[in-house]
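Take a look at the letters that make up each chain.
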Amino acid sequence: NIKISINGQGVEVKKDTSILDAARQIGVNIPTLCYHKDLCIAGNCRVCVVEVAGQKRLSPACATPCEEGMEILTNSVKVRNSRKHIIELLLSEHNADCTRCYKNGNCELQKLASDYKIMTSDFIPLVPFKHYTIDMFSPSIIKDDSKCIRCQRCVRTCAELQGVSALSVAYKGDMMKITTFFEKAMNEVNCTNCGQCVIHCPTGALTERNYIEEVWEAITDPSKFVVVQTAPAVRVALGEELGFEVGTRITGKMVAALKRLGFDAVMDTDFTADLTIMEEGTELLTRLKGVLLDHDQNVKLPMATSCSPGWIKYIEHMYPEYLGNLSTCKSPQQMFGALAKTYYARARRLEPENIVSVSVMPCTAKKFEANRPEMHDSGYRDVDYVLTTRELAIMIKQAGIDFMSLEDMSYDRLMGESTGAGVIFGATGGVMEAALRTAYELVTGREVPFQNLNILPVRGMEGVREATIRIDNPLKEWAFLDGVELKCAIAHGLVNAKKVMDAVRSGEANYHFIEVMACPGGCLGGGGQPIPTSPEIRAKRAAAIYTEDENMPIRKSHKNPEVIKIYEDFLGKPLGEKSHHLLHTSYTV
Ligand code: HC0
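Here we summarise the structure given alongside this text. Starting from 1, residues in each chain are numbered consecutively following that chain's sequence as written. Totals for whole chains, interfaces and linings use every residue, but because this is a predicted model, local features are given only for residues with pLDDT of at least 70 and side-chain atom pairs only at 80 or more, for both listing and counting. Water and hydrogen atoms were dropped before computing side-chain values, which therefore reflect all heavy atoms in the structure.

Looking at the overall build of the protein
Just so we agree on the cut-off: Going along the chain from the N terminus, every DSSP run of H or I of four or more residues is numbered as a helix, and every run of E of two or more is numbered as a strand. Computation of the radius of gyration draws on C-alpha atoms alone. For the globule rule, the value is 2.2 Å times the number of residues to the power 0.38. Each residue's exposure class comes from its accessible area (1.4 Å probe, protein chains only) as a fraction of the maximum for that residue type: buried when under 20%, exposed when over 50%, partly exposed otherwise. Working rule for contacts: check all heavy atoms of both residues, and any pair within 4.5 Å makes them a contact.
Regarding its fold elements, the protein presents 19 helices and 18 strands. Taken over the C-alpha trace, the protein has a radius of gyration of 25 Å; the compact-globule value for 589 residues is 25 Å, and the two agree within 12%. Principal-axis analysis of the C-alpha atoms gives the protein an extent of 80 × 55 × 50 Å. Residue burial in the protein is summarised as follows: out of 589 residues, 60% are buried. Here the analysis covers contacts within the protein between residues at least 6 apart in sequence; of these, 75% occur between residues at least 24 apart.

Some points on the sheet that holds strand 15 (residues 385-388)
Selection criterion: Strands are labelled as partners when DSSP assigns at least two bridges between them. Working convention: axes come from line fits to C-alpha atoms, limited for helices to the stretch in contact. Angles between N-to-C directions cover 0 to 180 degrees.
Reading across the sheet, the 4 strands line up as 12-11-14-15 and stay open at both edges, with parallel pairing between neighbours. Strands with a single pairing partner mark the edges of an open sheet, and in this sheet they are strand 12 (265-268) and strand 15. When strand polarity is set aside, the average angle formed by the axes of neighbouring strands in this sheet is 25 degrees. Looking at chain direction, strand 14 (residues 355-361) and strand 15 are connected through 4 bridges and run parallel. If you follow Met 361 over to strand 15, its bridge partner there is Thr 388.

Points about the nonpolar core
Heads up, the condition is: To define a nonpolar core, start from buried Ala, Val, Leu, Ile, Met, Phe, Trp, Tyr and Cys residues and group those joined through side-chain atoms within 4.5 Å.
Residues Leu 167, Leu 206, Trp 311, Ile 315 and Leu 326 are the most contacted members of the largest nonpolar core, which totals 41 residues. When residues of this core are traced back to their parent elements, those giving at least two are helix 4 (153-161), helix 5 (196-200), helix 10 (309-318), strand 17 (485-492), helix 16 (494-506) and strand 18 (513-517). Sort the elements by how many residues they give to this core and helix 16 lands first, with 6 residues. The next biggest cluster of nonpolar side chains, apart from the first, holds 40 residues, and it includes Ile 250, Phe 263, Val 383 and Val 386.

Notes on the pattern of salt bridges
Let me state the cut-off plainly: A pairing counts as a salt bridge when a side-chain nitrogen of Lys or Arg comes within 4 Å of a carboxyl oxygen of Asp or Glu.
Here the structure, examined in full by the defined rule, presents 39 salt bridges. Linking Lys 111 and Asp 115 is a salt bridge whose minimum nitrogen-to-oxygen distance equals 2.7 Å. One end of the pair, Lys 111, and the other, Asp 115, are both in helix 3 (residues 108-115), 4 residues apart, so they sit about a helical turn from each other. In this structure, the salt-bridge partner of Glu 391 is Lys 367, at a minimum N-O distance of 2.5 Å. Of this pair, Glu 391 sits in helix 13 (residues 389-398) while Lys 367 sits in helix 12 (residues 365-370); the two residues are 24 residues apart in sequence, bridging distant segments of the chain. When salt bridges with common partners are traced through the structure, they connect Glu 433, Arg 437, Arg 459, Asp 549 and Arg 555 into a single cluster.

Details of the packing of aromatic side chains
Aromatic ring pairs are reported here in terms of the distance separating the ring centres and the angle at which the planes meet. Basically, it comes down to this: Within 6.5 Å between ring centres, the rings of Phe, Tyr and Trp (the latter by its six-membered ring) count as paired, and their orientation is classed by plane angle as stacked under 30 degrees, edge-to-face over 60, tilted in between. The criterion for a charge sitting over a ring is simple: Lys NZ or Arg CZ within 6 Å of the ring centre, and within 35 degrees of the ring normal.
Counted under the stated rule, the structure contains 7 aromatic pairs. Over the ring of Phe 368 we find Lys 313, and its NZ or CZ is 5.2 Å from the ring centre. Note that Lys 578 overlies the ring of Phe 570, its terminal NZ or CZ placed 4.6 Å from the centroid.

Considerations on the site of the ligand
Filter applied, for reference: Only a single heavy atom is needed: when it lies within 4 Å of a molecule or strand, its residue is near that molecule or strand. Under the rule applied, a polar contact is a pair of N or O atoms within 3.5 Å (in protein, one hydrogen donor and one hydrogen acceptor; residues adjacent in sequence only if both atoms are side-chain atoms). Note on residue classes: Ala, Val, Leu, Ile, Met, Phe, Trp, Tyr, Cys and Pro are nonpolar, Asp, Glu, Lys and Arg are charged, and everything else, Gly too, is polar.
For the ligand, the set of nearby residues contains 16 residues, the closest of which are Ala 233, Cys 307, Gln 333, Lys 366 and Cys 523. Gln 333 has a polar backbone atom sitting 2.9 Å from an oxygen atom of the ligand. Contributions of two or more residues to the shell around the ligand are made by helix 9 (269-293) and helix 11 (332-347). Its residues placed into classes, the shell around the ligand shows 12 nonpolar, 3 polar and 1 charged.

Regarding the pairing of strand 11 (residues 225-230)
Most of strand 11 sits out of view: 5 of its 6 residues are buried. Pairing analysis gives 6 bridges linking strand 11 to strand 14, with the strands arranged parallel. Residue Val 227 lies in a different strand from strand 14, and its bridge partner there is Ser 357. Across 4 bridges, the pairing between strand 11 and strand 12 is parallel. Within the sheet, the bridge partner assigned to Gln 229 lies in strand 12 and is Met 267.

Things to note about the environment of Pro 202
Mapping Pro 202 onto the fold places it in the loop between helix 5 and strand 10 (206-208). In this structure, the C-alpha to C-alpha distance between Pro 202 and Asp 144, residues 58 residues apart in sequence, is 13 Å. Apart from residues no more than four positions distant in its own chain, Pro 202 is found in contact with Leu 33, Lys 103, Asn 106, Cys 107, Glu 108, Leu 109, Ile 149, Cys 151 and Arg 153.

As for the environment of Val 226
Here Val 226 lies in strand 11. For the pair Val 226 and Val 358, spaced 132 residues apart in the sequence, the C-alpha separation amounts to 7.1 Å. Ignoring any residue separated from it by four or fewer positions in sequence, one finds Val 226 in contact with Ala 218, Ile 219, Phe 263, Asp 264, Ala 265, Val 356 and Val 358.

So, the packing of helix 9 against helix 11
Between two packed helices, the angle of one axis relative to the other and the distance separating the axes together describe the packing. Our working rule: Any angle that falls under 35 degrees is termed roughly parallel, while one over 145 is termed roughly antiparallel, one within 65 to 115 roughly perpendicular, and all others oblique.
At a minimum axis separation of 8 Å, helix 9 and helix 11 run at an interaxial angle of 105 degrees. Between helix 9 and helix 11, the angle falls in the class roughly perpendicular. Taken together, the residues of helix 11 that come into contact with helix 9 (itself represented by Thr 269, Thr 272, Ala 273, Leu 275, Thr 276 and Glu 279) are Pro 332, Gln 333, Met 335, Phe 336 and Leu 339. Residue composition of the contact of helix 9 with helix 11, grouped by class: 6 nonpolar, 4 polar and 1 charged.

Considerations on the side chain of His 94
Inspection of the secondary structure puts His 94 in the loop between helix 2 (77-92) and helix 3. Here the side chain of His 94 touches Lys 147 through a polar contact of 3.0 Å, landing on its backbone oxygen. Leave out the neighbours within four places in its chain, and His 94 touches Leu 109, Val 127, Ser 146, Lys 147, Cys 148, Ile 149 and Thr 203.

Quick look at the structure:
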């Protein structure tokens, strides 16, 4: 440990602690812009400058390690003047039309300008004299260069967390900009639509493409029957936008709010998550049979999960030769959409063309997924509009609903019943855990004891995790699996997916089953979730998901009564003809 002083207060810190972290340790907040806990240090915005005794120049607190005896001032006149100048300079290049900005109220630059009471404009505003691009071609993300402060958080996010590098820095000096390959539109490059850039952008330069008005219109149209589904990870994050502590579960209040908003039926993506387990689990067993028993060269292993649309886009761009390894299952969102306009329509005697299918997702890539040409198997567009968690919070606020005081309500029936297995889809490793709970029982005919339902090796926040499950004494039908060690891998954040896929490609890894979620932490850290994000926030949301699972009366997908019913009444059996038509697809580049 070393001793330093901050604003005259002595503090002991570990060697190499940054001045920024040392100050936070004693409750002194130094403002930042380019700094983000998820990312490497850039030190380029200079907003966090501090004065260190004996040094002529100010030092960036995020990029300066503490040294023994350092005397630091975080709020001297010199620091304040410099910081104000930097904010003014940033504002002179920023389209500060705040009242008309989508990020109004949740913009870090706006907050800084407010905290430092920037009332003057000593610098010539550049915005009126420059040509800026506003890219609105993507169904998921809007990129508005007039709001960009060139902090490069998005560039680092796309490279470091996702290994995609769709965004990069081009040109120099005042021409410098954040752009794509050959300055193409976001939907023409290798962007996966994950939206991690959106939740790491401090301003309104990157935002989700929102469909709030379209959904309001559908709700108020008396000829439309509007169904809404909510993804597993929304219930542990929506509360953050509406006054609750991070990690609060608000499932019942969310359902009540959706009913108040005027949706005709409020249902649960977790139901189709359970259905996915039935379909994907059966597909895995069929593939294992094809390889291990029939030695069929055309059957591909490892099988990879296919529910994260950012991951699908990534594999299409980066590993197209492995497209055949993706499970043919559509994501639960899309299964839900296809069933809403077929199974549900038939049961409720509704005309499918009058059904508007809305989903609330923690994800911006789900907007892209719903827009894919493959997703019309109901005969219509399966999911009409995708709202993020943030968009739902906006609608709740617009409707004047006092969210805190809402009484809990339950999902509507038919496609609203779910299990703990469906809930944990929202956390990295959750699909794997849910699949293992069901596959073990189907293959062995033995029940997983309640105390063994938490499959801990697949949980956690390590970027890549591996687990081996040995199968002993299976039922006769699965005798070829006796003694087989099922090798599984889990990756979250596309940079980690790359590690797994490179190991598969080089032959270094011989997995049977891989789960990939495009976003750090899985969907709970999705690009449509409340801002800010950080490792601590994601850990709290994950804990809430596992608590939700433990509180569910049924925790295995194959025990979901509505899943059993849909096979009896409509689908027949997993991988049957109807399932094949409605619930499965294949992707081509
Ligand atoms: Fe997910 Fe999903 S779990 S991708 O992370 O599988 O977005 O929450 O809705 O579809 O169920 C996101 C979350 C979903 C889907 C489910 C899967």
